[in-house]
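Structural characterization, general
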Amino acid sequence: AQTVTQSQPEMSVQEAETVTLSCTYDTSESDYYLFWYKQPPSRQMILVIRQEAYKQQNATENRFSVNFQKAAKSFSLKISDSQLGDAAMYFCAYCGGSNYKLTFGKGTLLTVNP
Amino acid sequence: EAGVAQSPRYKIIEKRQSVAFWCNPISGHATLYWYQQILGQGPKLLIQFQNNGVVDDSQLPKDRFSAERLKGVDSTLKIQPAKLEDSAVYLCASSGGGQGEDTQYFGPGTRLTVL
């Protein structure tokens, strides 16, 4: 079974600075997808970024980028120029198998300090 | 494009009562998921539908939980009877369409409190 591990329960960053959230996963599959989702307090889960495992190029979405290391099974999220609105719980998720089932990590709570 | 809709947003019930949640996926999305998210944890898949057929319900407590997706669009998740440990946020997600089956989009969730 696939597992996703987020080793940082909480992180904090100063506004305008850069922060990196860690995620590792375990799988025997060669073809899969990885995601970072953001969940603000009492609000819905929002897709931040998506990475296809067969692509070597790291995904980027504006201030959000990933460092995907397939051999190490590592998938970290970098947030540049952090903003107050980035404060949320961030979940790393693995998607694989024929039914595209999502397996989530336990999340990292990000605080942005003004 | 409208997102995933869920209702109600909040529900408080006594243990042993029954409750039902409703979900309307993004138009054109064939796959619909129900997740349970207990406070402080990541979502856990309860059931996955492809059109109106069940793809995966291996983690659905079938003695008390049931779900259906009539006509392959809206879905209802029911709990009967509820237990204290069912207190959680129930999330609905859908996938398919232009982004493909791998990317799921989530609704706002229903926060259930069982007293």
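Preceding block: the structure.
Per chain, residues are indexed from 1 in the order of the written sequence. Throughout, the order in which chains and ligands are written sets their labels, letters from A for the former and numbers from 1 for the latter. The predicted origin of the model limits local features to residues at a pLDDT of at least 70 and limits the giving and counting of side-chain atom pairs to 80 or more, whereas totals for whole chains, interfaces and linings rest on all residues. The side-chain numbers reported here are obtained from all heavy atoms of the structure, hydrogens and water having been left aside.

Residue and element names in this part refer to chain B. DSSP-based pairing: two strands are paired if at least 2 bridges between them are found. Strands are runs of DSSP state E lasting at least 2 residues, helices are runs of H or I lasting at least 4, and numbering of each runs from the N terminus. Ordered in space as 1-3-8-7, the four strands form an open sheet in which the pairing is antiparallel. The sheet terminates laterally at strand 1 (5-7) and strand 7 (65-68), the two strands that pair on one side only. Across the sheet, the mean angle from the axis of one strand to that of its neighbour is 15°, orientation sign disregarded. Where strand 1 lies against strand 3 (residues 19-24), three bridges are found, and the strand directions are antiparallel. Paired with Q6 across the bridge in strand 3 is C23. Every axis in this analysis is a line fitted to C-alpha atoms, fitted for helices over the stretch in contact. Angles between the N-to-C directions lie between 0 and 180 degrees.

We now examine the layout of surface pockets. In this approach a probe as big as a water molecule rolls over the atoms, and the regions it shows empty are the leftover space. A pocket, in this scheme, is an open set of points on a 1 Å grid over the protein atoms alone with protein on both sides within 12 Å along at least 5 of 7 lines, while a cavity is a set where a 1.4 Å probe fits but cannot get out; residues line either one if an atom lies within 4 Å of a point. Grid points are joined across faces, edges and corners, and a volume is the space filled by probe spheres set on the points. For the largest pocket, the calculated volume is near 460 Å³. Along the walls of the largest pocket sit 23 residues, with A:Q39, A:S42, B:Q37, B:V89 and B:R111 positioned nearest its centre. Of all the secondary-structure elements, those providing two or more residues to the lining of the largest pocket are strand 10 (88-96) of chain A together with strand 9 (88-95) and strand 11 (110-114) of chain B. At three residues, strand 9 of chain B tops the list of elements feeding residues into the lining of the largest pocket. Counted by class, the lining of the largest pocket contains 12 nonpolar, eight polar and three charged residues. Taken as a whole, the second largest pocket encloses approximately 380 Å³ of empty space. Along its surface, the second largest pocket is lined by 21 residues, and A:T103, A:F104, B:P43, B:K44 and B:Q59 are the ones closest to its centre. Elements with a minimum of two residues in the lining of the second largest pocket: strand 10 and strand 11 (101-104) of chain A together with strand 5 (44-50) of chain B. When residues in the lining of the second largest pocket are grouped by element, the largest group, four residues, is from strand 11 of chain A. Only Asp, Glu, Lys and Arg are considered charged in this grouping, and only Ala, Val, Leu, Ile, Met, Phe, Trp, Tyr, Cys and Pro are considered nonpolar; every other residue, Gly among them, is considered polar. Of the residues that constitute the lining of the second largest pocket, the class distribution is seven nonpolar, 10 polar and four charged.

Throughout, a contact is declared for two residues whenever any of their heavy atoms are within 4.5 Å. Contacts between chain A and chain B engage 18 residues on the former and 23 residues on the latter. Three residues, A:Q44, A:N99 and A:K101, lead the burial of chain A against chain B; their summed loss comes to 27% of the area buried on that side. The working definition used for a salt bridge is a side-chain nitrogen of Lys or Arg within 4 Å of a carboxyl oxygen of Asp or Glu. For the pair chain A and chain B, the number of links is zero salt bridges. Under this definition, polar contacts are N or O atom pairs within 3.5 Å; protein pairs additionally need one hydrogen-donor-capable and one acceptor-capable atom, and for neighbouring residues in sequence, both atoms have to be side-chain atoms. Across the chain A-chain B interface, the total number found is five residue pairs in polar contact (both at pLDDT 80 or more). Elements with a contribution of two residues or more to the side of chain A that touches chain B: strand 5 (32-39), strand 6 (46-52), strand 10 and strand 11 of chain A. Here the element with the most residues in the side of chain A that touches chain B is strand 5 of chain A; it accounts for four residues. The buried area of a pairing is the accessible area, by a 1.4 Å probe, that goes missing from both parts when the two are put together, added over both.

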